[in-house]
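# Coordinate inspection notes
The chain contents come next:
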Amino acid sequence: MAAIPMFDLCQAPSMGGVKRLKLATRDTSDNPLDFPLDITLKVGDESIIVLQDSEINRTITLGSQLIQYRIVYPLHATVTEDETTDRQGRFYTQTLTFELPQISLTTTNQLKSFLFTSSGEFAISNMVAIIEDMNDNLWICGYSQPLVLESFELQTGVDGEDNKYLLSYTAKSYSKIRQIELL
Amino acid sequence: MSLYSGTIASNQTICYNGNPAAFTSVADASGGTTGYTYQWQYSTDSGSTWVDIYGANATTYDSGTLTATRWFRRRVIDSGTPAETGYTNTVIVTVYPVLNAGSIGSNQTIYSGTTPALLTSISGASGASGDYVYQWQYSTNGTSYSNIAGATSTTYQPPALYANTYYKRRVYDTFCGIGYADYSNVVLITVSGAPPATPSAPSGLTATNIDCATCDLQWINNGGGIVKNVIQRWDGIAFNDEEEVSFSATTFNGFELYPNTENQIKVCAVDSGDTYYCSDAITAQTTYIAAPTGFSGYLDDKNVVLSWTNISTGATELSVYRCLSGGTCEYIAYLPYSATTYTDTTTIREETYSYSIISECHGYGYGTPFIDFTIPTAPLVPPFCDGSNYAASGSTCGNSDGVIAITNIDYFTYYDFTLTDITGGTYTFNTTTGEATGLSSNYYFLTATVKPEYWYYYGRETCTFDWIKIEDTDNPAFLVGVSVKPQQCGPFDRQFGRIFYNVSGLTSGNTYSFYAFTSDLSLYYSKTGITSTEDFILANANAECYWVLIRDEVTGCALLLDNRCVPSIPFFSQGGIKKLYLAKWSSDLDWNYWKDSDEDYFLEFEDTSFFTSTKIKEYLSFTGGTTGITWYELPVANKVVKLGQKLEKLRQGFIFTDTLSVAIAKYDATKWTKMATLLNPENKWIYIMQDADGYYWTGGYLHGAKITAYNFKTGARGEDNGCTLEIQAVSENKLLVNIDENYVINYVE
């Protein structure tokens, strides 16, 4: 009996990279998101989460939550997901890293508003991210356990480098990154 | 023996409502079986049907009064078995119709002592037997009447009377007698007083204020008995009635005369019999009126200049009469009689006009002969699009009374013009006046297109004068100030710009509409029913220019706020640092954060989450002023000097650490001394850095920055010679802090 192909064996064209990020830490009432998020799986395909997206208003409706987000066209963004098995069991580590060019007061204020909790204290807000990769696949990361700011750095460039912000988020979750489908 | 019914009597004739004599029994019933029962009966239809009369059971019967003819009989029934019934003869009672006295005419009003007109019989008596006797009666109080002796005919001629008198006519019928008399209607002769005196002709007729065709008349009335006055004028053949006035009038103003004529006038008193009693005739010579002489004219480009000489002494005004070549004529101007020139500026090129000047007086006109002018083709004018060749004049609140005018109507020869408003409404120009009228307060767009036949001269290019404002000159609302917040697109998503229009002078209780248009004339944002100035805000504005219209929904007043632009923070970045400054830190150092009052676009009702700790306005020395701090500028060596800020997660919490890397090239003794100061562990520092994008940043102000690394090396052949430093500052929980460039420019650089 011949082997059954498990994946696509024809090596379809593919590009690496992140085209666009949608990052959210608050609902539309400006309250921090409550994790795990209430999600709705596609009927008959549990790999896909369905949601509604209004880009003009920068809001998504995910389950019963109305979430506001920001669209970021990042530089040098990567998303990774690693499986770890240890004595306690198995979990997934998801990492989102991206850069924002140009250091400006407006961006600093935007980041402060995004990162800080609504009380103004510097406690990092938990984040969920929707990732549009270069193959136009849409992914959602941090819906079960949130993405937490792992590192934040800004730096001026030397020798032709950019002035930029560098942000890295990490989530440890039992759930894998899922694709999303827009209603 | 058979039953014999007997006989009754007798036939009678009576007047209306008369009582006939009782019917008698000429012979009672007999025969049959004795023991008779009588019943009287009557009929109203000659005996066809009979009706028993209740209670009439005797041998005789008295019927009472009757108003119509009836027939009677008596029925008898004997006592036999079976009973036998019989009837007497029938008697008839004939009843005459009711008497009607007729009517007489009529009421009159007479002067005391005069004889009234004959009292006529409108209708004679009728009814009864027809043999009537008339008798006229009179009364002075309308209540008690007396017979007038000898007045027994159907009409009556009263005598001369001196008091109000009532008359009526009595009639009775000879058969029925005076007891059945009837009376006509009553007529009243009203005596109104003494008769008027005998009329006579008016006297003292004079004419004053005689002009070209009218005069004022005065006269004296003589005698009474007239009912009106009539003014007559001689027409060359006879005197004719021209005006009719009341009998008491003694003046008449504006009596119409024949112009340039010696008019003859009379006044006549007219009595009730239409007899004329006329005054002597007088004459009234009207003042002279004639057409102007010496009428001529010439063309001044497209204007026609006319001149003439007046010769009349009686004209009241002059009119300018103009006819088009097509035959349409009109009065184009009315001038005082003293005028001797007129310039017609309303002509159209290449049209032919005929002119006449008319001396006018009370509707009479004497015109000059017509002279003609053909307006020449327009001379070429400077291109419309090269200058401001239009003018706009304002409107008033709620009215469409604004005007946009082309300043030289010759442009209509060479160009087609279109005028539209911001909502697409179109307006047309009057090519004679050059004006587009009926404009309400709004933005307008004027497009000039060269007519094809003049492309050779002006080219084919059209031009549009856009955003022309027609403003309400009486609008109480006005703009106090504008606050503009720039837009930034990226890197961390968009941040819309914003324009707030601080408008004052609003009318309390009124509601307002707010419209913002972009340069492509599209409506970007609108809101209606506004009652607060805080709503005159264009939030979420893209980086472009806006034209705003604020309209009072009650009065219609519109406020135009044009061409306010939202700038965009440029989104491009150059890496690196341009300038670097250090100053000694001490615990006395103080600083002021950037406050909302420092921000140009801060709005208290909008910016509730304004960050005040991400920007410093100024550093203050221990003396409390912005001076007193010594700043040192450090060289910014290529490829080495950089600033970084890093988040560290510690057990105490999250903190940011700033690291500044500095390089000093070509190290020598002089620099060694200064480096010693930097390296002195007792010294701490604050820094200000300008990045390659021009923004200024600062750090170390909270706790002072310290030198954490120092390195000197000569470098191998071909390598750098110098020293490098690393300066670190703990910024607690603050992201890299911006500093106002004005402070840096004024106190650091």
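### Section: the overall build of chain A
A tally of regular secondary structure across chain A gives one helix and twelve strands. When the helices and strands of chain A are listed from N to C terminus, the series reads β-β-β-β-β-β-β-α-β-β-β-β-β. For chain A, long-range pairs separated by at least 24 residues make up 64% of all intrachain contacts whose partners lie at least 6 apart in sequence. Just so you have it, chain A exposes about 9400 Å², and 51% of that area is on carbon and sulfur atoms.

### Focus on the overall build of chain B
A tally of helices and strands in chain B yields four helices and 60 strands. Taken across its 749 residues, chain B has 42% of its residues classed as buried.

### Things to note about the packing of aromatic side chains
Residues and elements named next belong to chain B. Under the definition given, this model contains 50 aromatic pairs over all chains. Relative to Trp685, the ring of Tyr632 has its centre 6.5 Å away and its plane inclined at 75°; by these criteria the two rings are edge-to-face. Linking Tyr632 in strand 53 (residues 631-634) with Trp685 in strand 56 (residues 684-691), this pair joins segments that are 53 residues apart in sequence. On the basis of relative accessible area, Trp685 is assigned to the buried category, the value being 2%. The ring of Tyr145 is capped by Lys168, whose NZ or CZ atom sits 4.1 Å from the centre of that ring.

### Some remarks on a nonpolar patch on the surface
Residue and element names in this part refer to chain B. Residues Leu380, Tyr456 and Tyr457 make up a contiguous nonpolar surface patch of roughly 360 Å² in combined accessible area. Its place among the elements puts Leu380 in the loop between strand 32 (371-374) and strand 33 (390-393). For Leu380, a relative accessible area of 40% gives the class partly exposed.

### A word on the state of the cysteines
Residues and elements named next belong to chain B. Scanning the model with the defined rule gives seven disulfides over all chains in all. What pairs with Cys397 in a disulfide is Cys557, and their sulfur atoms sit 1.6 Å apart. Between Cys397 and Cys557, the disulfide has an S-S torsion of 100° and is therefore right-handed. Of the two residues, Cys397 is situated in the loop between strand 33 and strand 34 (402-406) and Cys557 in the loop between strand 47 (545-552) and strand 48 (558-565); the sequence distance between them amounts to 160 residues. Looking at Cys557, the relative accessible area reads 5%, which means it is buried.

### A short note on the confidence of the model for chain B
Mean pLDDT over chain B: 90, with 99% of residues reaching 70 or higher. Across the interfaces of the predicted complex, the ipTM metric reaches 0.86, alongside a pTM of 0.57.

### With respect to the interface of chain A and chain B
Of the residues lining the interface, 41 residues belong to chain A; the matching set on chain B comes to 41 residues. Each partner contributes to the roughly 3700 Å² buried at the junction of chain A and chain B, and carbon and sulfur atoms together form 60% of this total. In this assembly, chain A and chain B are joined by one salt bridge. The salt bridge partner of Asp493 of chain B is Arg58 of chain A, with a shortest N-O separation of 2.8 Å. Inspection of the region where chain A meets chain B yields 14 residue pairs in polar contact (both at pLDDT 80 or more). Counting only elements with at least two residues in the side of chain A that touches chain B, the list comes to strand 5 (65-72), strand 7 (89-101), helix 1 (105-115) and strand 10 (148-155) of chain A. If you tally residues by element for the side of chain A that touches chain B, the top one is helix 1 of chain A, at ten residues. Counted by class, the side of chain A that touches chain B contains 20 nonpolar, 13 polar and eight charged residues. Relative to strand 54 (residues 642-650) of chain B, strand 10 of chain A runs antiparallel, the two being bridged by three bridges. Across the sheet, the residue bridging to Leu154 of chain A is Gln645 of chain B, located in strand 54 of chain B.

The rules we used
- Residues numbered from 1 in each chain as written.
- Chains lettered and ligands numbered in written order.
- Predicted model: local features only at pLDDT ≥ 70, side-chain atom pairs only at ≥ 80, totals over all residues.
- Heavy atoms only, no water.
- Helix = DSSP H or I, 4+ residues; strand = E, 2+ residues; numbered from the N terminus.
- Contact = heavy atoms within 4.5 Å.
- Areas by Shrake-Rupley, 256 points an atom, 1.4 Å probe, with all protein chains shown as cover.
- Buried < 20%, exposed > 50% of the residue type's maximum accessible area, 1.4 Å probe, protein only.
- Phe/Tyr/Trp six-rings, centres within 6.5 Å; stacked < 30°, edge-to-face > 60°.
- Lys NZ or Arg CZ within 6 Å of the ring centre and 35° of its normal.
- Patch = residues over 30% accessible without salt bridge, like charges linked within 9 Å, V, L, I, M, F, W, Y side chains within 5 Å.
- Salt bridge = Lys/Arg side-chain N within 4 Å of Asp/Glu carboxyl O.
- Disulfide = S-S within 2.5 Å.
- pLDDT = per-residue confidence, 0-100.
- Buried area = accessible area lost by both parts, 1.4 Å probe.
- Polar contact = N/O pair within 3.5 Å; in protein donor to acceptor, adjacent residues only side chain to side chain.
- Nonpolar A, V, L, I, M, F, W, Y, C, P; charged D, E, K, R; others polar.
- Pairing = 2+ DSSP bridges.

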